[in-house]
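One-letter residues, chain by chain:
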Amino acid sequence: MTSPSMVVPVIDVQNDNFKELWPSMVLAFKTSSFIALDTELSGLGSRKALLAESVEDRYKAICHAARTRSVLSLGIACYRKLDEKADSTYLVQVYNLTLLCTEEYIIEPQSVQFLVQHGFDFNKQYAQGVPYNKGNDKGGDAHGVNMRSLFVELLRANKPLVVHNGLIDMVFLYQCFYAHLPEKLGTFIADLSQMFPAGIYDTKYATEYELRFTASYLEYAYKKCKLDNARSIEANKAGPGLFLEFCNYTGRLQSYVDYRPCLDSQGHDGTLNICIQFSAYGWCPNGAQCPMSHDTDLIIQQDEKTKEDKKKKRKRRKKQKAAREAEEDGLPNEKRAHLEDMEQEQEVQETIATASEHQKSSGEAARVDDPGRMDMAENGSTVPSAQDLTTVDSKDAQQTSKVSVGARERKVEGGTHRAGFDAFMTGYIFAFASILKSDESVAQAGVHACVNKLYLSGKSLPLQVVKSSFSKSSKAHMHKMEQVWGKGSCDSSTAKADGTA
């Protein structure tokens, strides 16, 4: 079984073409059904603080990172549903904006290593990045053709916003393109709920708690949705399939387009050893030097095989139990009790065997590590700690001779980890989930059960983006809302500011 190939046109936006592309980006916002975003960051600071037990403490740590680091690249994918087309067909426009913060900011060496490994061009960023300043508006920011005004246009479009593991993205977007972050989490949530009244959707939360995939990192979730969609279309099931269309760029615009191929999922006859850490989290400290397979298609194939084996074992046990019950009708009580004990022992042994097999094939063994640190990799800046890097370097010398050229080629993906393409994948997951969880009573596209729920690593419950009656909106936010919607746009009951500038 293979999933269909497609080539995704991603428009590269930088300082020399930003004004030229402005009208098309604003039009894409206004005509879209939903908008997916992704960021690449210069760092995140202390991973331990980002995973604090208290969500309020986590917010403070992310705020510190957003104030001292910057957004290097912003991916925007606008999905517009074509109602005149059969099934669920979307016209997709993808933009990859290379950005340059005009203020001093920290850039972590580990983040540089991670981004360069995935094709990020720092020379291009410093030479052609679209400039922006953080915090509150300065001078003519509110009325110029700049990143802050573009973010205002995105808010004015009033479309559902889709992110993947998006709390960090939302905090950075607020600080870099909107206003100074409020000190309290409740105030930030109150602001966020008014900024995006059409709702915020986190596909990592949807993947884990609605779709319930074995893994939830972005590439895995995207490829699993793509494969399931292809199977559904090929089987001609009654349910609708997901179809995408892209603009045909010509002339000058064509020179700005980077065509990103989505290769077919290939079946594997032979058995390859899967990197259990990459299998579980989509990230491995050894990178391209890892001798194990980082092939996401193979990982999905192994996960599905494990799941199918479990189903067969359960079905076999059910049949065996029914046969035993039929035989036991005429047996004495002592013999019947003995057979029940044997059956229970067999179930225990099969459970142990299945768990062991699943650890080897899908990476469950790796979950004893720090899962939160792996989740951070989806924000484009997570890499191992300094101690991890030292360990990796010492292993590289021993492993280099063992790594085949083919194995390296599987893991060097030619810069597919870019904000624009990641935003496209995020939007694809959301569009596919909308088909599976469609609800005719919901006016907007989307998985209604996941609205305004941001994924929290290590927590069983999401962060609800709902304004509390005890929280007040920040003063800076109220000023921005007047700019977005005009004076008097916010309800007077929520217009009380807490004094945060």
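Rules behind the numbers
Here the residue numbering is sequential within each chain, running from 1 through the sequence in written order. At least 70 in pLDDT is required for a residue's local features to be given in this predicted model, at least 80 for side-chain atom pairs to be given and counted, and no such filter applies to totals for whole chains, interfaces and linings, which use all residues. To obtain the side-chain values, all non-hydrogen atoms of the structure were used and water was disregarded. Going along the chain from the N terminus, every DSSP run of H or I of four or more residues is numbered as a helix, and every run of E of two or more is numbered as a strand. Three labels apply to residues, based on accessible area from a 1.4 Å probe with only protein chains included: buried if under 20% of the type maximum, exposed if over 50%, partly exposed otherwise in between. Contacts between residues were defined by any pair of non-hydrogen atoms, one from each residue, lying within 4.5 Å. Here the Shrake-Rupley method, with its probe set to 1.4 Å, supplies the accessible areas, and only the displayed protein chains count as covering residues. Axis lines are fitted to C-alpha atoms, over the contacting stretch for helices. Their N-to-C directions set the angle, which ranges from 0 to 180 degrees. Angles below 35 degrees are treated as roughly parallel, those above 145 as roughly antiparallel, those between 65 and 115 as roughly perpendicular, and all remaining angles as oblique. Stacked, edge-to-face and tilted are the three classes for Phe, Tyr and Trp ring pairs, Trp counted by its six-membered ring, which pair at centre distances within 6.5 Å; planes under 30 degrees apart are stacked, over 60 edge-to-face, the rest tilted. Only Lys NZ and Arg CZ are tested; either one counts as a charge over a ring when it is within 6 Å of the ring centre and within 35 degrees of the ring normal. As used in this record, nonpolar core signifies buried Ala, Val, Leu, Ile, Met, Phe, Trp, Tyr and Cys residues forming a set joined through side-chain atoms within 4.5 Å. In a helix, the anticipated span is given by 1.5 Å times the number of residues less one. The term salt bridge refers to a pairing of a side-chain nitrogen on Lys or Arg with a carboxyl oxygen on Asp or Glu at a separation within 4 Å. Pairs of N or O atoms are called polar contacts if they sit within 3.5 Å, as long as, within protein, a hydrogen donor faces a hydrogen acceptor (for residues adjacent in sequence, only side-chain-to-side-chain pairs).

Draft legend 1. Representation of the overall build of the protein chain. Scanning the protein chain for helices and strands turns up 19 helices and eleven strands. Here the protein chain holds 501 residues, and the buried ones make up 54% of them. Expressed as a percentage of contacts within the protein chain between residues at least 6 apart in sequence, the contacts between residues at least 24 apart total 81%. Surface summary for the protein chain: the accessible area is close to 23000 Å², and the carbon and sulfur share equals 51%.

Draft legend 2. Quick look at the packing of helix H7 (residues 167-177) against helix H8 (residues 185-195). Viewed as axis vectors pointing N to C, H7 and H8 meet at an angle of 85 degrees, and their least axial separation amounts to 12 Å. For the element pair H7 / H8, the angle class is roughly perpendicular. Of the residues in H8, those in contact with Leu167, Met170, Val171 and Tyr174 of H7 are Phe188, Asp191, Leu192 and Met195.

Draft legend 3. How the structure looks around the packing of aromatic side chains. Enumeration over the complete set of coordinates arrives at 22 aromatic pairs. For the pair Phe34 and Tyr90, a centre-to-centre distance of 5.8 Å together with 70 degrees between the ring planes defines the contact as edge-to-face. Highlighted residues: Phe34 in strand S2 (residues 34-41) and Tyr90 in strand S4 (residues 88-101), separated in sequence by 56 residues. For the pair shown, Phe34 and Tyr90 are each scored as buried. The interplanar angle of 65 degrees and the centroid separation of 5.0 Å between the aromatic rings of Tyr174 and Tyr178 together place this pair among those described as edge-to-face. Both residues of the pair, Tyr174 and Tyr178, count as buried. Members of the aromatic cluster, connected to one another through ring pairs, are Phe34, Tyr79, Tyr90, Tyr201, Tyr222, Phe246, Phe421, Phe424, Tyr428 and Phe430. For the cation-ring pair, Lys204 lies above Tyr455, with the distance from its terminal atom to the ring centre recorded as 5.1 Å.

Draft legend 4. Examining the nonpolar core more closely. Residues Leu97, Met147, Met170, Phe177, Phe188 and Phe196 are the most contacted members of the largest nonpolar core, which totals 75 residues. Residue contributions to this core peak at nine residues, all from H7. Setting aside residues no more than four positions away along its own chain, Phe177 makes contact with Val71, Leu74, Leu99, Tyr132, Met147, Arg148 and Phe151. Of all hydrophobic cores here, the second largest spans 48 residues; its members include Leu211, Ala215, Leu218 and Ala221.

Draft legend 5. Layout of helix H18 (residues 419-436). The terminal C-alpha atoms of H18, which comprises 18 residues, lie 26 Å apart, in line with the 26 Å expected from a rise of 1.5 Å per residue. With 17 of 18 residues buried, H18 is to be regarded as a mostly interior element.

Draft legend 6. Summary view of the pattern of salt bridges. A full pass over the atoms with the stated rule returns 17 salt bridges. With a closest N to O distance of 2.6 Å, Arg260 and Asp258 form a salt bridge. Grouping residues by exposure puts Arg260 and Asp258 together as buried. Here Arg418 makes a salt bridge to Asp258, at a shortest N to O gap of 2.7 Å. Separated by 160 residues along the polypeptide, Arg418 in the loop between helix H17 (405-411) and H18 and Asp258 in strand S9 (residues 257-262) bring together distant segments of the chain. Grouping residues by exposure puts Arg418 and Asp258 together as buried. Among the ionic contacts, a cluster of salt bridges with common partners joins Asp12, Lys124, Asp258, Arg260 and Arg418.

Draft legend 7. Looking closely at the environment of Asn229. Tracing the chain through its elements places Asn229 in helix H10 (residues 218-234). Beyond its immediate chain neighbours, meaning those up to four positions away, Asn229 contacts Gly241, Leu242, Tyr428 and Phe432. A distance of 2.8 Å separates a polar side-chain atom of Asn229 from the backbone nitrogen of Leu242.

Draft legend 8. Quick look at helix H9 (residues 203-211). Restricting attention to buried positions, one finds in H9 the residues Thr203, Lys204, Tyr205, Ala206, Thr207 and Leu211. Once H9 ends, the next one or two residues include Arg212, with phi positive near 55 degrees.

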